[in-house]
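Observations on the three-dimensional arrangement
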Amino acid sequence: LVPYDGTPDAQGPCRGLPEIAATLGRDFRGAAVLLTADCCYSGALSAEVMDRLAVPAAVLASSDASEQSTGAWTFTDCLLDGVRGAAAADRNGG
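Please read all numbers here as calculations on a predicted model, not as lab measurements.

Our next topic: the overall build of the protein chain. Regarding its fold elements, the protein chain presents three helices and two strands. Each helix (α) and strand (β) of the protein chain, taken in turn from the N terminus, gives the series α-β-α-β-α. Every one of the 94 residues in the protein chain was classed for burial, and the buried ones make up 14%. Sequence separation of 24 or more characterises 49% of the internal contacts of the protein chain that already satisfy a separation of 6 or more. Counting only carbon and sulfur atoms, one obtains 55% of the accessible surface of the protein chain, whose full area is about 6600 Å².

The next point concerns the environment of glycine 25. For glycine 25, the position within the fold is in helix α1 (residues 17-27). Residues glycine 25 and methionine 50, 25 residues apart in the sequence, show an inter-C-alpha distance of 9.3 Å. When sequence neighbours within four positions are dropped, the list of residues in contact with glycine 25 reads Arg52 and Leu53.

A one-sided burial pattern is seen for strand β1 (residues 33-37), the buried positions being Val33, Leu35 and Ala37 and the unburied ones Leu34 and Thr36. Sheet topology places β1 next to strand β2 (residues 57-61); five bridges connect them, and they run parallel. When the sheet's bridge partners are listed, leucine 35 is paired in β2 with valine 59. Following the backbone out of β1, through helix α2 (residues 44-49) and into the adjacent parallel β2, one traces a crossover that is right-handed.

Before going further, it helps to examine the side chain of serine 63. Relative to the assigned elements, serine 63 resides in the loop between β2 and α3 (74-84). Side-chain polar atoms of serine 63 contact the backbone oxygen of glutamate 67, separated by 3.1 Å. What serine 63 contacts, discounting residues up to four positions off in sequence, is Cys39, Cys40, Tyr41, Ser42, Gly43, Gln68 and Ser69.

The next point concerns the environment of threonine 76. Within the secondary structure, threonine 76 sits in helix α3. With 38 residues separating them along the chain, threonine 76 and aspartate 38 place their C-alpha atoms 6.3 Å apart. Of note is the side chain of threonine 76, whose polar atom sits 2.7 Å from the side chain of aspartate 38.

Conventions and cut-offs
Residues numbered from 1 in each chain as written. Predicted model: local features only at pLDDT ≥ 70, side-chain atom pairs only at ≥ 80, totals over all residues. Heavy atoms only, no water. Helix = DSSP H or I, 4+ residues; strand = E, 2+ residues; numbered from the N terminus. Buried < 20%, exposed > 50% of the residue type's maximum accessible area, 1.4 Å probe, protein only. Contact = heavy atoms within 4.5 Å. Areas by Shrake-Rupley, 256 points an atom, 1.4 Å probe, with all protein chains shown as cover. Pairing = 2+ DSSP bridges. Right-handed = clockwise from strand over helix to strand, strands pointing away. Polar contact = N/O pair within 3.5 Å; in protein donor to acceptor, adjacent residues only side chain to side chain.

This is how it looks when you write it as structure tokens:
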């Protein structure tokens, strides 16, 4: 993704949402896709990508498309805790 201070002429691994959506829609060959984003306005990822994919897809985002995020990586920390099986993240004891 292009960081908040990225510019239209950014070189390297930076990609904007339209380019990510177009690439996934054109080149993705998997059975399903899960995208995550932990940044302000990350909910825009869903709106930009979901309609362009021909496979089941889900987006986990730290904020709505019109909202700022925490800036403290709390979403990523919680997501990783859940994947790692941390007891505090396991609300149903499963």
